[in-house]
Amino acid sequence: MTMKNLYNVSKDGYYGDFGGAFIPEMLYANIDHLQKVYLEISQESNFVAEFEALLKDYVGRPSPLYRSVKLSEKYGAEIYLKREDLNHTGAHKINNTIGQILLARRIGKKRIIAETGAGQHGVATATVCALMDLECIIYMGEVDIARQAPNVARMRMLGAEVRPATSGSRTLKDATNEAIRDWINNAESTHYIIGSAIGPHPYPDMVTRFQSVISQEIKAQLFEKTGDEFPDYVVACVGGGSNAAGAFYHFLDHSDTKLILAEAAGEGIDSGRSAATSILGSQGIIHGCKTLLMQTNDGQIIEPHSVSAGLDYPGIGPMHAHLINSGRAKVYPATDEEAIQAMLYLSREEGIIPALETAHALAILEKMSFQKSDVVVLCLSGRGDKDLNTIMKYLN
Amino acid sequence: MNIRNTIDQKGKEILNVYCTAGYPHLDSTVTVLKSLSEEGVDLIELGMPYSDPLADGETIQKSSQVALQNGLTLNILFEQVKEARQHTQVPIIAMGYYNQMLQYGVEKFLSKAHQSGIQGMIIPDLPMDIYEKKYANLFQEYNMEISFLITPLTSDERIKQADRLSSAFIYVVSQTSITGKKGEIQLHQKEYFERIAQMNLHSPRLIGFGIHDKTTYNTACKYSHGAIIGSAFIRALSEGDMEASISNFITSIR
Ligand SMILES: Cc1ncc(COP(=O)(O)O)c(C=O)c1O
């Protein structure tokens, strides 16, 4: 039996029952074209060379793999942090935007749009657009514009136009709706850089591949440090799932490495204010793919809640839905409160201020049990400067 | 009479008006369906309000949101259509998103829709291939017609597929955009309508998106079997004297 393709995308864009492309006809030509060219373009040697050079010299990769003494002691395991927070712009998001902007140029698109929740993907998109001289429009929910103000200022400074999404809960889902509508209106001129492992095929796979540099580096760095390239656990937070997908990618077919996702429980799973998609969700269609999402019996999408804008999303990437349903990945929820405590802990004990999204991954370490020899790699997906307002409010 | 026969029989100047079920008030559906029918529209496209209508502009988004806040569900919608059917036989084609059908259960959905008196479906995010493989037989079993969308970017091959699979009519999207655009019909749009008209398709064609007044309606009719008016009608719908606003609007078009 070949292990390949148990968890990777199929030729027609599915992960088990999940995935596919469910889009209005107005976007068919764009999606069809991307499906046809994304692999060929992104594997072409010039592309690879340009992508790798930018990751190295512009983003600052490889990002360090740092053994946290305090966390290792606290949880009784060997705990390593994959420092995506040290990338240029402060999160893993830029790995994907570099890849997609190179692709956008090769398919001749002059105008770039993106959605953003925490603002990290918006900043990463605005950054590569500045670098490549492309027009950039970022859709962001009104609620997120308020709670992630520093990132809004950064996007504007980088020359992007930030357009508020004013419908629904005015968060990430609604920003994504607006971006898709913009794309329908500007299908010929525009490339949509989706920021997570969501959306119609080929986006989940494309984003995963551009993010897979994370697990590629983890393997090499772990080998150098421990003599073994495979950890016992990889832990990542999941909004749509891009940092988790990147951190998992090269371990998918290695069943000894357990894959752990942290999702946002908001004010509690049963509080009615949660974004714990894997627990509260069921199979359905959101933003062009079949996946797990929070919805009513009538198929209306339920507005989620999380203190962290990047996890405040009612769906999850189709790859993750498949990993969860097949038992390959396990999910633990973390509440707003637990995440904030974990954020404060890492700040005070390690001198690293993580993003509120990332803090959910840190928080679930409390809920897991380890053996002393376990090697745990946690994807420290981003830094927390953007969340200082939220935290200061909380502390007062 | 079903949708296809209705269009074929008249052959031209079909006026298909879109309204959102449960808007502006939960119980407006029956009144709106009745009034539209009394005003002589040929078809009605009944929106099944959805929380995240990706292909829709602000007007239809808002009307959907209001309808959902009013408490509209699919079960209520089916009851309302059933009630309206005591007053009107104008063919009704429902418009919604694939997730609504999936969650309700596709067969149950088609069966209930059929029993209530809905004759067709427009599901813009249901891919043609999936429809053909999984659902075409079910649609037939429940006498449910379907319309697929084509746009200026749709390839000839896909237009032919839409022609083959559309049992109601081909929905010719006038431009690559979401619903609700105003403005005149441009030359390149007319060229596109002309190109489609020259293809000798089997299915009748109705032009929609951006048809908002007499001029755009007449232009659309010149190049096709008729037109669909959505956002403009929703905008014209008055909460006060609803019947009068409907009558005035239809008079302004024809
Ligand atoms: C730092 C950080 N981590 C995680 C996420 C969640 O996204 P994803 O699940 O795609 O990694 C975000 C999204 O905004 C983020 O900014």
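The structure reproduced in this document is the subject of the present report. Keep in mind it's a predicted model, so treat the numbers as computed, not measured.

### Describing the overall build of chain B
- Across its full length, chain B holds 12 helices and nine strands.
- For 254 residues, the compact-globule formula gives about 18 Å, and the C-alpha radius of gyration of chain B, at 17 Å, lands near that figure.
- Each principal axis of the C-alpha distribution contributes one length, and for chain B these read about 45 × 40 × 35 Å.
- Burial statistics for chain B: of 254 residues in total, 62% are counted as buried.
- Sequence-distant contacts in chain B: of pairs separated by 6 or more residues, those separated by 24 or more amount to 75%.
- In the form shown here, chain B has an accessible surface area of approximately 9800 Å², with 46% of it arising from carbon and sulfur atoms.

### Describing the state of the cysteines
Residues and elements named next belong to chain B.
- With the rule as written, the count across this model stands at zero disulfides over all chains.
- No disulfide involves Cys19; its sulfur sits 19 Å from the nearest other cysteine sulfur, which is in Cys221.
- Overall, Cys19 belongs to the buried group, its relative accessible area being 4%.

### Some remarks on the packing of aromatic side chains
- Scanning the entire structure with this criterion turns up 21 aromatic pairs over all chains.
- Aromatic side chains Tyr171 of chain B and Phe209 of chain B sit 5.8 Å apart centroid to centroid with 85° between the ring planes, which places their arrangement in the edge-to-face category. Note that Tyr171 of chain B is positioned in strand S7 (residues 170-173) and Phe209 of chain B in the loop between strand S8 (205-208) and helix H10 (214-223), a separation of 38 residues in sequence. Side by side, Tyr171 of chain B and Phe209 of chain B carry an identical accessibility label, which is buried.
- An aromatic cluster is present here, built from Phe22 of chain A together with Tyr98 and Tyr135 of chain B joined pairwise through their rings.

### Considering the sheet that holds strand S9 (residues 226-229) of chain B
All names here are of chain B.
- Reading across the sheet, the nine strands line up as S5-S4-S3-S2-S1-S9-S8-S7-S6 and stay open at both edges, with parallel pairing between neighbours. Across the chains shown, the open sheet's two edge strands, defined by having one partner strand only, are strand S5 (145-146) and strand S6 (149-150).
- The pairing of strand S3 (residues 92-95) with strand S4 (residues 120-122) spans three bridges and is classified as parallel. Bridge assignment links Ala94 to a residue of S4, and that residue is Met121.
- Against the sheet, helix H8 (residues 156-165) makes contact with S5, S6 and S7, and its axis sits at roughly 140° relative to S7, the strand it touches most.

### Points about the site of the ligand
Residues and elements named next belong to chain A.
- Within the structure, the ligand sits among 19 residues, and Ser196, Gly239, Gly241, Ser242 and Ser381 are positioned closest to it.
- A distance of 3.1 Å separates an oxygen atom of the ligand from a polar side-chain atom of Lys93.
- Counting residues per element, the ones that place at least two in the shell around the ligand are helix H11 (242-248) and helix H15 (356-363).
- Counted by class, the shell around the ligand contains five nonpolar, 12 polar and two charged residues.

### Points about the pattern of salt bridges
All names here are of chain B.
- For the coordinates displayed, the defined rule picks out 36 salt bridges over all chains.
- Glu132 serves as the salt-bridge partner of Arg164, at 2.5 Å between the closest nitrogen and oxygen. Taken as a pair, Arg164 in helix H8 and Glu132 in helix H7 (residues 128-141) lie far apart in primary sequence, 32 residues in all.
- The class of Arg164 is exposed, set by a relative accessible area of 52%.

### Examining the nonpolar core
- Counting residues in each nonpolar core, the largest one holds 111 residues, and the members touching the most others are Ile101, Met155 and Phe248 of chain A together with Phe169 of chain B.
- Excluding residues within four positions of it along the chain, Met155 of chain A makes contact with Thr116, Gly119, Gly122, Val123, Ala126, Ile138, Met140, Ala160 and Val162 of chain A.
- Counting 78 residues, the second largest nonpolar core, distinct from the first, contains Ala84, Ala94, Tyr104 and Ile196 of chain B.

### Digging into the sheet that holds strand S3 (residues 65-67) of chain A
Residue and element names in this part refer to chain A.
- Strand order in this open sheet of six strands is S3-S4-S14-S9-S10-S13, and the pairing throughout is mixed. This sheet does not close on itself; its edge strands, each paired only once, are S3 and strand S13 (329-335). Looking at each pair of strands side by side, their axes are set apart by 25° on average, direction ignored.
- Where strand S9 (residues 233-237) lies against strand S10 (residues 258-266), five bridges are found, and the strand directions are parallel. In the strand pairing of S10, Val234 is matched with Leu259.
- Contacts from helix H10 (residues 213-226) reach S3, strand S4 (78-83) and strand S14 (375-380), with the element oriented near 135° to S4.
- Against the sheet, helix H14 (residues 336-350) makes contact with S3, S4, S10, S13 and S14, and its axis sits at roughly 90° relative to S13, the strand it touches most.

What counts and what doesn't
Per chain, residues are indexed from 1 in the order of the written sequence. As they are written, the chains are lettered A onward and the ligands numbered 1 onward, keeping that order. Where totals are concerned, whole chains, interfaces and linings use all residues; where local detail is concerned, this predicted model gives features only for residues with pLDDT of at least 70, and gives and counts side-chain atom pairs only at 80 or more. In computing side-chain properties, one takes all heavy atoms of the structure into account and sets aside hydrogens as well as water. Counting from the N terminus, the helices are the DSSP runs of H or I reaching at least four residues and the strands are the DSSP runs of E reaching at least two. Our radius of gyration is a C-alpha quantity, and the globule rule it is checked against amounts to 2.2 Å times the number of residues to the power 0.38. Categorising residues by exposure relies on relative accessible area from a 1.4 Å probe, with only protein chains included: less than 20% of the type maximum marks a residue as buried, more than 50% marks it as exposed, and the intermediate range marks it as partly exposed. In what follows, a contact means two residues having at least one pair of non-hydrogen atoms within 4.5 Å. Residue-level accessible areas treat just the shown protein chains as cover; the underlying method is Shrake-Rupley with a 1.4 Å probe. Disulfides are defined in this document as cysteine sulfur pairs within 2.5 Å. Aromatic contacts are taken between Phe, Tyr and Trp rings whose centres are within 6.5 Å, Trp giving its six-membered ring; a plane angle under 30 degrees counts as stacked, one over 60 as edge-to-face, and the others as tilted. Pairing between strands is defined by DSSP: at least two bridges between the two strands are required. Helix axes are fitted only over the stretch in contact, all axes being lines through C-alpha atoms; the angle between N-to-C directions runs from 0 to 180 degrees. Nearness here has a simple test: a residue counts as near a molecule or strand if at least one of its heavy atoms is within 4 Å of that partner. Whenever a nitrogen or oxygen atom comes within 3.5 Å of another N or O atom, the pair is scored as a polar contact, on the condition that within protein one atom can donate a hydrogen and the other can accept it, and that pairs from neighbouring residues in sequence are kept only if both atoms are in side chains. Under this grouping Gly is polar, as are all residues other than the nonpolar Ala, Val, Leu, Ile, Met, Phe, Trp, Tyr, Cys and Pro and the charged Asp, Glu, Lys and Arg. Basic side-chain nitrogens of Lys or Arg form a salt bridge, by our definition, when they fall within 4 Å of a carboxyl oxygen of Asp or Glu. Buried Ala, Val, Leu, Ile, Met, Phe, Trp, Tyr and Cys residues form a nonpolar core when they are joined through side-chain atoms within 4.5 Å.

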